[in-house]
Amino acid sequence: MLPALADEGLVDAVDVFCERIDFTLVQSERVFEVAAKRGIGVKMHAEQLSNSGGAALSARYRALSADHLEYLDEAGVAAMNKAGTVAVLLPGAYYFIRETQLPPLDLLRRYEVPIAISTDSNPGTSPVTSLLMMNMATTLFRMTVPEVLQGVTRHAARAFGNSKRHGLARRWTTGGFRGVAGAVDRGTRLLVRPSVVRACRARRRHRFRAQRALSDYMTTHSSSQALFAEHAWLPDGWRRNVLFEWSPDGALQRVTPDLDHAPHDVPCAAGPLVPGMLNLHSHAF
Ligand SMILES: [Zn+2]
């Protein structure tokens with residue numbers, strides 16, 4: 001099936017669930033071999049329940065990412081470092097299955113493996129699609145705030161690869177953090193979560209539910225097709241008075257900073273907007 005789908009240009013990357021309850025190493029490698037022949041990126045759900053050597057195998061195929069990784073050992077970390085494979089940590093899954101084994105954060109830091117943070121969006125073991133994951137990564141995994149910010153921007157984009165469709169490859173450096181310009185590029189659907197969205201004008205104030213991804217907001221509020229933010233994290237750092245505009249199908253079209261004031265009748269994000277990719281894990285595909 002994979003070659004046929006790849007020939008039609010329908011495949012960005014393949015993912016294998018390598019675990020004692022799912023694909024073995026040998027089966028996983030068969031999938032990777034087919035993908036590699038066609039130049040398709042690979043990702044792996046690895047070392048979530050046991051150390052089966054999945055991360056090291058994925059590194060041999062220069063995987064974009066290996067995900068979960070609670071049971072990852074030093075050899076696997078070293079292999080990921082060599083291959084430039086991103087470690088995607090999934091604190092939601094860790095929490096929901098009541099895992100007690102922490103991913104080897106100190107080893108990942110020592111080997112300078114880029115660490116991304118993601119939801120899992122798995123209805124069975126991590127039914128979450130929220131950047132609440134940033135909080136969980138700090139509380140459950142003891143990650144630092146700068147690590148988490150990089151985990152949902154720069155490193156998250158890297159775990160996606162240089163996908164043209166999402167335009168996630170370009171980087172920016174500013175203010176001590178790096179992000180991904182593509183997160184606010186034209187056509188990008190993955191962005192930010194305004195904690196609460198409200199109408200700017202006091203008399204027309206109304207509130208929407210908290211903890212929504214802007215991408216959800218964009219598609220469900222296609223009639224307004226715009227959102228104003230007093231503060232937003234853009235490729236060149238924090239900017240003020242930013243207007244986001246998108247097409248009826250929810251694709252971001254234009255980002256305009258430094259407006260003099262909020263446009264009339266455009267809803268306003270109550271908090272700062274930060275680019276972030278909610279779901280990098282296999283269940284996102
Ligand atoms: Zn998984």
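Residues numbered from 1 in each chain as written. Predicted model: local features only at pLDDT ≥ 70, side-chain atom pairs only at ≥ 80, totals over all residues. Heavy atoms only, no water.

For the rest of this paragraph, the subject is the layout of surface pockets. Of the volumes computed, that of the second largest pocket is approximately 210 Å³. Val 113, Pro 114, Ile 115, Glu 147 and His 155 are, among the 13 residues lining the second largest pocket, the residues nearest its centre. Among the secondary structure elements, those contributing two or more residues to the lining of the second largest pocket are α6 (105–110), α8 (145–152) and α9 (154–160). Counted by class, the lining of the second largest pocket contains 6 nonpolar, 2 polar and 5 charged residues. (1 Å grid on protein atoms, 1.4 Å probe; cavity = no way out; pocket = protein on both sides within 12 Å on 5 of 7 lines; lining within 4 Å. Points joined across faces, edges and corners; volume = space filled by probe spheres on them. Helix = DSSP H or I, 4+ residues; strand = E, 2+ residues; numbered from the N terminus. Nonpolar A, V, L, I, M, F, W, Y, C, P; charged D, E, K, R; others polar.)

Turning next to the confidence of the model for the protein chain. Residue-level pLDDT values for the protein chain average 76, and 71% of them are 70 or greater. A low-confidence stretch, residues 163–212 (pLDDT under 50), is modelled with 148 contacts involving residues beyond four sequence positions or located in other chains. (pLDDT = per-residue confidence, 0-100. Contact = heavy atoms within 4.5 Å.)

This part takes up the pattern of salt bridges. Applying the stated criterion to the full structure yields 5 salt bridges. Of the charged contacts, one joins Glu 147 and Arg 109 as a salt bridge, the two residues approaching to 2.6 Å between their closest N and O atoms. With a gap of 38 residues between them, Glu 147 in helix α8 and Arg 109 in helix α6 connect regions that are remote in the sequence. The exposure class of Arg 109 is partly exposed, given its relative accessible area of 31%. (Salt bridge = Lys/Arg side-chain N within 4 Å of Asp/Glu carboxyl O. Buried < 20%, exposed > 50% of the residue type's maximum accessible area, 1.4 Å probe, protein only.)

Counting residues in each nonpolar core, the largest one holds 38 residues, and the members touching the most others are Leu 69, Met 80, Leu 89, Leu 108 and Met 143. By residue number, the principal contributor to this core is helix α7 (residues 132–140), which donates 4 residues. (Core = buried A, V, L, I, M, F, W, Y, C linked by side-chain atoms within 4.5 Å.)

This paragraph deals with α7. Within the span of α7, buried status applies to Met 133, Met 134, Met 136 and Ala 137. Looking down the long axis of α7, one finds its buried residues gathered within 165° of arc, a one-sided arrangement. Taken together, the buried residues of α7 touch α5 (91–96), β5 (115–117) and α8. A positive phi of about 60° marks Arg 142, the residue just after α7. (Arc of directions from axis to C-beta.)

Let us look at the side chain of His 68. Position of His 68 relative to the elements: it lies in strand β3 (residues 65–68). The class for His 68 is buried, based on a relative accessible area of 0%. Reaching out from His 68, the side chain makes a polar contact with the side chain of Gln 48 at a distance of 3.5 Å. Discounting residues that sit within four places of it in the chain, His 68 has contacts with His 45, Ala 46, Gln 48, Val 88, Leu 89, Leu 90, Ala 93, Pro 103, Asp 120 and His 281. (Polar contact = N/O pair within 3.5 Å; in protein donor to acceptor, adjacent residues only side chain to side chain.)

Here the focus is the sheet that holds β3. Read from one edge to the other, the open sheet built from 5 strands follows the order β1-β2-β3-β4-β5, with strand pairing classed as parallel. Strand pairing shows two members of the sheet lacking a second neighbour, β1 (13–17) and β5, which therefore form its edges. Neighbour-to-neighbour, the strand axes of the sheet open up by a mean angle of 25°, direction not taken into account. When strand β2 (residues 41–46) meets β3, the two strands line up parallel, connected through 4 bridges. The residue bridging His 45 from the neighbouring strand is Asp 67, located in β3. In the packing of helix α2 (residues 25–37) onto the sheet, contacts are made with β1 and β2, and the angle to β1 comes to roughly 175°. (Pairing = 2+ DSSP bridges. Axes fitted to C-alpha atoms, helices over the stretch in contact; angles between N-to-C directions.)

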